[in-house]
Structure formats: C-alpha cells, structure tokens
Amino acid sequence: MNLEGASALVVGGAGGFGEATVRRLVQAGAAVLVADLSEDKGRALEAELGDGVRFLATDVTSEESVAAAVAAAQELGTLRVAVVVHGGPAAGRRMVNRNGEFYPLETFKRTTDIFLGGTYNVLAQAAAAMTRNEPLESGQRGVVIMTASIAGFESQVGQTDYAAAKGGVISLTLAAARDLAPTGVRVMTIAPGTFFTPAFRMKEEDAQAKWGPGVPNPKRMGHVDEYARLALHIVDNDYLNGEVIRVDGAVRFNV
Ligand SMILES: NC(=O)c1ccc[n+]([C@@H]2O[C@H](COP(=O)([O-])OP(=O)(O)OC[C@H]3O[C@@H](n4cnc5c(N)ncnc54)[C@H](O)[C@@H]3O)[C@@H](O)[C@H]2O)c1
C-alpha cells in the first residue's frame with residue numbers, strides 16, 4: 001500500500017513499539033497521529049518529527065477519546081493504517097495466593113478493559129472510518145494492526161488477566177477480518193516475544209542479561225524496530241489478513 005498522502009493512527013504511539021512504528025510510518029511517507037496517554041513523551045515525539053506528526057492525548061478505554069483520535073488522524077490525510085500498541089497495568093500476581101485469596105474481579109476487568117476492550121475500541125472505530133475511504137486500485141481501503149503477545153498462547157505464572165486479554169486479541173483477529181472482508185479493510189495481529197522497551201523499567205543491559213539467553217536464536221531480546229518493520233510489511237502486503245504473526249526468536253515460555 002502506497003502511504004503517500006495517507007494518514008496513520010498509532011495508539012500507544014509514544015511507547016517502545018509505538019515510537020519505532022511511528023518513525024517507520026513517517027519514513028514511508030504517511031502523516032501520523034500519535035495517540036497516547038503520555039502527554040510528555042507524545043509531545044516530545046511531535047516536536048522532534050515535525051510537520052507530518054501530531055500528538056493527541058488519548059485513553060484507549062474511552063469511546064469519546066478514541067473517536068477524537070480517529071477524527072484527528074483523518075484530518076491529516078486518508079486514514080489507511082491503524083496500529084493498536086498501547087500498554088497498561090496488569091495484576092502481575094497469581095490468581096489465588098498462598099492464603100487462598102483470589103485477586104478481585106475488578107482487577108481482571110481493568111486489565112481486560114485496557115488490553116482487549118481498548119483494542120476493540122480502536123479496531124472498530126478506525127475500521128468504521130476506513131470503510132468510508134475511496135478504495136485504492138487494489139480494492140483495499142485500509143488495515144488495522146493489533147498487538148497481542150506470546151502470552152496469549154503460552155502465558156507465564158501471574159498472567160491470568162493479561163493472557164486472557166491477549167488471547168482475546170488473538171481470537172478477535174480472524175473474526176474481525178471476516179466481518180470486514182466486504183469493506184476491503186484488513187486486520188492483522190503481531191504477537192511479540194520479549195522486546196526491550198520502557199515497559200521494563202530497567203537498563204537495557206540488565207534486561208538483556210536476564211531475558212536474552214532464554215531466546216533460542218537470535219540469543220537476545222527483540223529490538224523495537226523489528227516489530228516496526230513487520231508492521232510496515234503488513235501494511236505493504238495485501239495478502240496478509242486475519243492472521244497472528246509471532247515475532248519472538250523461537251522463544252516459548254516454560255512454566
Ligand atoms: N515489550 C514486550 O516485550 C512486549 C511483549 C509482548 C507484547 N507486548 C505488548 O506490546 C504493547 C506495547 O508494549 P511496549 O513494550 O511498547 O510498552 P510501553 O510501556 O513502552 O508503551 C506503552 C504505551 O502505551 C501508553 N498507554 C498506556 N495506557 C494507555 C491508555 N489507556 N491509552 C492510551 N495509551 C496508553 C503508554 O503511555 C505508553 O506510551 C502492549 O500491549 C504489550 O502488552 C510487549
């Protein structure tokens with residue numbers, strides 16, 4: 001898909017994967033709307049990348065907030081690409097602890113609301129906007145790229161809420177691609193393994209020393225640009241639709 005004159009929406013665009021994807025989209029000629037909860041990081045990116053990039057403070061869990069982000073992206077050009085790559089908190093502990101206490105339903109709902117509900121919120125609203133685009137010569141109108149995790153396939157201890165949410169994103173992919181097929185809007189999901197991003201809240205060398213050796217090949221954590229390049233390939237390749245692509249150096253989490 002030629003991105004000259006097109007716009008792209010990157011939700012979570014100020015995060016690790018998000019920023020790398022914004023940079024690649026700009027290089028490919030798209031105008032980009034960076035939608036993120038983080039005002040500081042988003043404004044910094046907007047200032048650095050100049051004219052083709054705009055930031056809008058956005059909360060994926062709000063219908064109104066995502067509607068404003070979609071509208072702002074449409075002001076920059078014809079919305080052809082939406083990348084859903086925001087983060088957020090998860091329970092980060094076993095469902096039932098040693099005292100026999102389960103973590104509250106509210107915690108589970110918060111995690112699924114952010115990672116699954118938030119993803120649906122962007123998918124549905126961006127896809128609806130894309131259906132109103134003039135089709136390209138190929139008949140295509142746009143593509144939505146969502147972000148799961150290999151935890152959506154094989155989760156680790158303490159990830160019940162996160163795994164359920166990411167498993168939901170995996171299931172959503174084919175269902176949405178089938179629903180949207182008549183409109184010429186594609187839906188794809190990237191399921192990353194372990195990539196160094198600000199989400200790790202530690203120095204890269206320490207994270208690499210901890211997680212790198214467990215990856216079969218290459219023996220390191222992923223680089224965010226490896227996610228971004230895959231996203232750009234998905235944009236470019238019309239025959240990719242309804243599928244989840246793992247990008248993980250062949251790592252499989254052990255229990
Ligand atoms: N880093 C990894 O190893 C890894 C592996 C598998 C999956 N993932 C997934 O990739 C996605 C991005 O992760 P990352 O590592 O780039 O994280 P990150 O912390 O670097 O970036 C996440 C971004 O999302 C923004 N955000 C948080 N809550 C938001 C909300 N409610 N609305 C809008 N924006 C919000 C943050 O401000 C931040 O800029 C997440 O869904 C994560 O689960 C990451």
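Residues numbered from 1 in each chain as written. Predicted model: local features only at pLDDT ≥ 70, side-chain atom pairs only at ≥ 80, totals over all residues. Heavy atoms only, no water.

### Observations concerning the site of the ligand
In step 1: Around the ligand there are 29 residues in total, and D36, H86, Y162, K166 and T197 lie nearest to it.
In step 2: Note that an oxygen atom of the ligand is positioned 2.5 Å from one of the side-chain N or O atoms of Y162.
In step 3: In this structure, the ligand is accommodated by the largest pocket.
In step 4: Here the shell around the ligand is composed, by residue class, of 13 nonpolar, 12 polar and 4 charged. (Near = heavy atom within 4 Å. Polar contact = N/O pair within 3.5 Å; in protein donor to acceptor, adjacent residues only side chain to side chain. 1 Å grid on protein atoms, 1.4 Å probe; cavity = no way out; pocket = protein on both sides within 12 Å on 5 of 7 lines; lining within 4 Å. Sits in = over half its atoms within 2 Å of the grid points. Nonpolar A, V, L, I, M, F, W, Y, C, P; charged D, E, K, R; others polar.)

### With respect to the packing of helix 1 (residues 16-27) against helix 7 (residues 224-236)
In step 1: One can describe the packing of helix 1 onto helix 7 by two numbers: an axis separation of 8 Å at closest approach and a directional angle of 50°. Put simply, helix 1 runs oblique to helix 7. In the packing of helix 1 onto helix 7, the handedness of the crossing is right-handed. Contact residues: G16, F17, A20, T21, R24 and L25 in helix 1; V224, D225, Y227, A228, R229, A231 and L232 in helix 7.
In step 2: Residues of the contact of helix 1 with helix 7, tallied by class, amount to 8 nonpolar, 2 polar and 3 charged. (Axes fitted to C-alpha atoms, helices over the stretch in contact; angles between N-to-C directions. Helix = DSSP H or I, 4+ residues; strand = E, 2+ residues; numbered from the N terminus. Parallel < 35°, antiparallel > 145°, perpendicular 65-115°, else oblique. Left-handed = near helix turned anticlockwise from the far one by under 90°. Contact = heavy atoms within 4.5 Å.)

### Examining empty space enclosed by the protein
In step 1: Throughout the structure, instances matching the rule amount to 1 cavity of 30 Å³ or more.
In step 2: Estimates place the volume of the largest cavity at around 30 Å³.
In step 3: Taken together, V84, V85, H86, F115, T119, T147 and K166 make up the full set of residues lining the largest cavity.
In step 4: When the residues that make up the lining of the largest cavity are grouped by side-chain class, the tally is 3 nonpolar, 3 polar and 1 charged. (Points joined across faces, edges and corners; volume = space filled by probe spheres on them.)

### Regarding the sheet that holds strand 7 (residues 244-247)
In step 1: In space, the 7 strands of this open sheet follow the order 3-2-1-4-5-6-7, with parallel pairing throughout. Only two strands of the sheet have a single neighbouring strand rather than two, namely strand 3 (53-57) and strand 7. When strand polarity is set aside, the average angle formed by the axes of neighbouring strands in this sheet is 20°.
In step 2: Where strand 6 (residues 185-192) and strand 7 come together, 4 bridges link them in parallel fashion. By the bridge assignment for strand 7, T189 is matched with V244.
In step 3: Set on the sheet, helix 4 (residues 105-130) makes contact with strand 1 (6-11), strand 4 (78-84), strand 5 (142-147) and strand 6; between it and strand 4 the angle comes to about 165°. (Pairing = 2+ DSSP bridges.)

### Let's talk about the layout of surface pockets
Space left empty within the atom packing is revealed by a probe, the size of a water molecule, rolled over the atoms.
In step 1: What the largest pocket holds in volume is close to 1600 Å³.
In step 2: Taken together, 47 residues form the lining of the largest pocket, with G87, G88, F115, Y162 and A199 sitting closest to its centre.
In step 3: Breaking the lining of the largest pocket down by element, the ones donating at least two residues are helix 1, strand 2 (31-36), helix 4 and helix 5 (160-180).
In step 4: Among the elements that line the lining of the largest pocket, the one with the most residues is helix 5, at 3 residues.
In step 5: Its residues assigned to classes, the lining of the largest pocket shows 23 nonpolar, 18 polar and 6 charged.
In step 6: By volume, the second largest pocket amounts to about 160 Å³.
In step 7: What lines the second largest pocket is simply Q156, T194, K210, W211, G214, V215, V251, R252, F253 and N254.
In step 8: For the lining of the second largest pocket, the residue count by class is 4 nonpolar, 4 polar and 2 charged.

### A few points about the side chain of T119
In step 1: Considering the arrangement of structural elements, one finds T119 in helix 4.
In step 2: Overall, the relative accessible area of 2% leaves T119 in the buried class.
In step 3: Reaching out from T119, the side chain makes a polar contact with the backbone oxygen of F115 at a distance of 2.6 Å.
In step 4: Beyond its immediate chain neighbours, meaning those up to four positions away, T119 contacts V84, H86, I114, M146 and V169. (Buried < 20%, exposed > 50% of the residue type's maximum accessible area, 1.4 Å probe, protein only.)

### Regarding the pattern of salt bridges
In step 1: In total, this model carries 12 salt bridges according to the counting rule given.
In step 2: The closest approach of N and O atoms between E75 and R54, which form a salt bridge, is 3.8 Å. Residue E75 is located in helix 3 (residues 63-76), and its partner R54 is located in strand 3; the two are separated by 21 residues in the primary sequence.
In step 3: A relative accessible area of 30% means that R54 is categorised as partly exposed. (Salt bridge = Lys/Arg side-chain N within 4 Å of Asp/Glu carboxyl O.)

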